[in-house]
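Now for the letters of each chain:
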Amino acid sequence: MAIMLALVQVLALVVAVVGLVKLVGDTRAENSRKRQQATIDFIASTIERQHTLYANVYRDSSFVTRAKEINSPEFHQLTSYLGYLEYLAAAVNMEIMDIRVVERTIGSRITRGLEDFSSWIAIEQKRLLPTAYNEIETLSKTLHKRRKPKLANPPIQSADPIR
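In this text the structure is predicted, and so the values were computed from the model without any measurement.

## Comments concerning unusual backbone geometry
In the Ramachandran plot, Glu95 falls in the positive-phi region, its phi being about 65° despite a non-glycine side chain. Phi at Tyr133 takes a positive value of approximately 65°, unusual for a residue other than glycine. Relative to the helices and strands, Tyr133 resides in the loop between helix H7 (118-127) and helix H8 (134-152). By relative accessible area, which is 11% here, Tyr133 ends up buried.

## Quick look at the pattern of salt bridges
Scanning all chains against the criterion turns up 9 salt bridges. Put simply, Asp98 and Arg100 hold a salt bridge, and the shortest N to O gap is 3.4 Å. The exposure class assigned to Asp98 is buried, which follows from its relative accessible area of 4%. Its salt-bridge partner being Glu103, residue Arg146 comes within 3.1 Å of it at the nearest N-O pair. Pair noted here: Arg146 is in helix H8 and Glu103 is in helix H5 (residues 99-105), with a separation of 43 residues, a long-range link. By relative accessible area, which is 9% here, Glu103 ends up buried. Within the structure, one salt-bridge network assembled from shared partners comprises Asp60, Arg66 and Glu74.

## Observations concerning the packing of helix H4 (residues 73-93) against H7
Orientation of H4 relative to H7, taken along the N-to-C sense of each, is 90°, at an axis distance of 12 Å. Comparing their axes, H7 and H4 come out roughly perpendicular. Contacts between H4 and H7 involve Phe75, Leu78, Thr79 and Leu82 from the first element and Trp120, Ile121, Glu124 and Arg127 from the second. Residues belonging to the contact of H4 with H7 are distributed by class as follows: 5 nonpolar, 1 polar and 2 charged.

## Comments concerning the packing of aromatic side chains
For the coordinates displayed, the defined rule picks out 8 aromatic pairs. Pairing Tyr54 with Tyr58 gives two aromatic rings, centres 4.6 Å apart and planes at 40°, and the pair type is tilted. Put simply, the rings of Tyr54, Tyr58, Tyr81 and Phe117 pair up and form one aromatic cluster. Above the plane of the ring of Tyr58 lies Arg112, whose end atom (NZ or CZ) is 4.1 Å from the centre.

How each quantity is defined
- Residues numbered from 1 in each chain as written.
- Predicted model: local features only at pLDDT ≥ 70, side-chain atom pairs only at ≥ 80, totals over all residues.
- Heavy atoms only, no water.
- Helix = DSSP H or I, 4+ residues; strand = E, 2+ residues; numbered from the N terminus.
- Buried < 20%, exposed > 50% of the residue type's maximum accessible area, 1.4 Å probe, protein only.
- Salt bridge = Lys/Arg side-chain N within 4 Å of Asp/Glu carboxyl O.
- Axes fitted to C-alpha atoms, helices over the stretch in contact; angles between N-to-C directions.
- Parallel < 35°, antiparallel > 145°, perpendicular 65-115°, else oblique.
- Contact = heavy atoms within 4.5 Å.
- Nonpolar A, V, L, I, M, F, W, Y, C, P; charged D, E, K, R; others polar.
- Phe/Tyr/Trp six-rings, centres within 6.5 Å; stacked < 30°, edge-to-face > 60°.
- Lys NZ or Arg CZ within 6 Å of the ring centre and 35° of its normal.

In structure tokens, the structure reads:
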């Protein structure tokens, strides 16, 4: 009888542990879904501002040269654009926003922004502090690492041009 009672207690404990594991998994999945939705909502609600800032900084090839002049219109436009990307990158790096959503929606803009304006960022880091725009740099490195395996195995090209 004592063995039966012990088995019932063990079985009850196993059922409780399995239930707890399932609850933790469900909670993590729901939190992930909410983070993804919040990320989509943020990007969607700021898309017009993002496009305006993007258009301003990529309008001509001499833009960066003019942006090096502090308080010029170009300087303010570039700081606004990179500030937006920095805010978004910080939220992703802190796992407030979902990296998969950002990677698929505006990940290329983040990596391109860092690449295109790296000389300007270096000047600002010397002028202000070395950690200026650090969040963009961190996220850009992460995005490159995430994309690298995908690029390492390109799809096999078919001889059939329709495929």
